[in-house]
Amino acid sequence: AQSVAQPEDQVNVAEGNPLTVKCTYSVSGNPYLFWYVQYPNRGLQFLLKYITGDNLVKGSYGFEAEFNKSQTSFHLKKPSALVSDSALYFCAVTPGAAGNKLTFGGGTRVLVKP
Amino acid sequence: GAGVSQSPSNKVTEKGKDVELRCDPISGHTALYWYRQSLGQGLEFLIYFQGNSAPDKSGLPSDRFSAERTGGSVSTLTIQRTQQEDSAVYLCASSPAGWGTEAFFGQGTRLTVV
């Protein structure tokens, strides 16, 4: 069975500081990994994904994520956080070519303070 | 339509009543997912349809929950004899054919059982 863990329920960061949201996964084979963001009272929006190739992937709003196969991690990063980045972030995984079932982590709430 | 459409957006029902939640996926998307989100928390997987394959129902919490997808398009999630613990936001998502494609989410149906 596939699973995703987001070990931090909440991350607090000052505006302008680097932001990291952690994600680890467990899946058979080669995973496809995703990050989604949910702003207050809005639906989930896709941020970025890793399928294959370069381990560092870049996405929307200046976010990037690094795939680390040995550590089974896919941490989300942003070099300089904005107050508007305050939201709920979800990591998700599918089992690559074995199927498209999308499994989510529990989510991490990010609070960026001015 | 341009995106995934869910109806109704809000539903208040009395305990013990049956409810039907509707999802209109993006045209041509072969995969359709239902998730449940309680109080801005994580996403709980309910059911997954992929093309003409048998659906993955492994996330349905009880036999009061069922879902169908007619003609490979519209899906209905039915909850029979609703209970207060069923209160949550029910999210639908769809994705195109092919591995590693991101899912697009609807705005959700907020279900309140009183």
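Attention in this report is confined to the structure presented alongside it.

**Regarding the overall build of chain B**
Then, number 1: Per the secondary structure count, chain B includes 0 helices and 10 strands.
Then, number 2: When the elements of chain B are put in sequence order from the N terminus, they spell out β-β-β-β-β-β-β-β-β-β.
Then, number 3: Scaling as 2.2 N^0.38, a compact globule of 114 residues should have a C-alpha radius of gyration of about 13 Å, and chain B matches this with 13 Å.
Then, number 4: Its C-alpha atoms give chain B principal-axis dimensions of roughly 40 × 25 × 25 Å.
Then, number 5: A total of 114 residues make up chain B; the buried ones form 46% of that total.
Then, number 6: Residue pairs at least 24 apart in sequence account for 53% of intrachain contacts in chain B once pairs closer than 6 positions are excluded.
Then, number 7: For chain B, the accessible surface area stands at approximately 5400 Å², while carbon and sulfur atoms represent 46% of it.

**Re the overall build of chain A**
Then, number 1: Scanning chain A from terminus to terminus reveals 0 helices and 12 strands.
Then, number 2: Listed N to C, the secondary structure of chain A is β-β-β-β-β-β-β-β-β-β-β-β in terms of helices and strands.
Then, number 3: Against the globule reference of 13 Å for 114 residues, chain A gives a C-alpha radius of gyration of 13 Å, in line with a compact fold.
Then, number 4: Based on the C-alpha atoms only, the size of chain A along its principal axes is roughly 45 × 30 × 20 Å.
Then, number 5: For chain A, the separation between the mean place of its 10 positive charges and that of its 7 negative charges on side chains is 6 Å.

**Details of the pairing of strand S3 (residues 19-24) of chain B**
Two faces make up the sheet, and in a regular strand the side chains alternate between them.
All names here are of chain B.
Then, number 1: Residues Val19, Leu21 and Cys23 line the buried face of S3, whereas the alternating positions Glu20, Arg22 and Asp24 sit on a face that is not buried.
Then, number 2: As defined by bridge partners, strand S1 (residues 5-7) adjoins S3 across 3 bridges and the pair is classed as antiparallel. Across the sheet, serine 5 pairs through a bridge with aspartate 24, a residue of S3.
Then, number 3: In this sheet, strand S7 (residues 75-79) lies alongside S3 in antiparallel orientation, the contact comprising 5 bridges. Bridge pairing in S7 links valine 19 to isoleucine 79.

**Examining the pairing of strand S10 (residues 109-113) of chain B**
All names here are of chain B.
Then, number 1: Burial along S10 is one-sided: the residues Thr109, Leu111 and Val113 are buried and none of Arg110 and Thr112 is.
Then, number 2: As paired elements, strand S2 (residues 10-13) and S10 share 4 bridges and run parallel to each other. Pairing of asparagine 10 across the sheet is with arginine 110, part of S10.
Then, number 3: In this structure, strand S8 (residues 88-95) lies alongside S10, joined through 3 bridges in antiparallel fashion. By the bridge assignment for S10, valine 89 is matched with arginine 110.

**Concerning the interface of chain B and chain A**
Interface size is often expressed as the accessible area that is lost when the parts come together.
Then, number 1: Facing the 23 residues of chain B at the interface are 22 residues of chain A.
Then, number 2: Looking at the side of chain B facing chain A, the largest losses of area belong to Trp99, Gly100 and Glu102 of chain B, adding up to 31% of the total buried there.
Then, number 3: Linking chain B with chain A are 2 salt bridges, by the criterion used here.
Then, number 4: Contributing elements (two or more residues each) for the side of chain B that touches chain A: strand S4 (31-37) and strand S5 (43-50) of chain B.
Then, number 5: With 4 residues, the top contributor of residues to the side of chain B that touches chain A is S5 of chain B.
Then, number 6: Classifying every residue of the side of chain B that touches chain A by side-chain character gives 10 nonpolar, 11 polar and 2 charged.

**Focus on the sheet that holds S7 of chain B**
Residues and elements named next belong to chain B.
Then, number 1: Taking strand neighbours across the sheet as the criterion, the 4 strands line up as S1-S3-S7-S6 in an open arrangement whose pairing is antiparallel. A strand with exactly one partner marks an edge of an open sheet, and here the two such strands are S1 and strand S6 (65-69). Adjacent strand axes in the sheet meet at a mean angle of 15 degrees when their direction is disregarded.

**Side note on the pattern of salt bridges**
Then, number 1: The full count for this structure, using the stated rule, is 8 salt bridges over all chains.
Then, number 2: A salt bridge links lysine 58 of chain A to glutamate 64 of chain A, with the shortest nitrogen-to-oxygen separation between them at 2.9 Å.
Then, number 3: Note that aspartate 86 of chain B is salt-bridged to arginine 64 of chain B, the shortest N-O span being 2.8 Å. Remark: arginine 64 of chain B occurs in the loop between S5 and S6 and aspartate 86 of chain B occurs in the loop between S7 and S8; sequence separation between them is 22 residues.
Then, number 4: Note on arginine 64 of chain B: relative accessible area 12%, which makes it buried.

Rules and cut-offs
Residues numbered from 1 in each chain as written. Chains lettered and ligands numbered in written order. Predicted model: local features only at pLDDT ≥ 70, side-chain atom pairs only at ≥ 80, totals over all residues. Heavy atoms only, no water. Helix = DSSP H or I, 4+ residues; strand = E, 2+ residues; numbered from the N terminus. Rg over C-alpha atoms; globule rule 2.2 N^0.38 Å. Buried < 20%, exposed > 50% of the residue type's maximum accessible area, 1.4 Å probe, protein only. Contact = heavy atoms within 4.5 Å. Areas by Shrake-Rupley, 256 points an atom, 1.4 Å probe, with all protein chains shown as cover. Lys, Arg positive; Asp, Glu negative; His and termini not counted. Charge placed at Lys NZ, Arg CZ, Asp CG, Glu CD. Pairing = 2+ DSSP bridges. Buried area = accessible area lost by both parts, 1.4 Å probe. Salt bridge = Lys/Arg side-chain N within 4 Å of Asp/Glu carboxyl O. Nonpolar A, V, L, I, M, F, W, Y, C, P; charged D, E, K, R; others polar. Axes fitted to C-alpha atoms, helices over the stretch in contact; angles between N-to-C directions.

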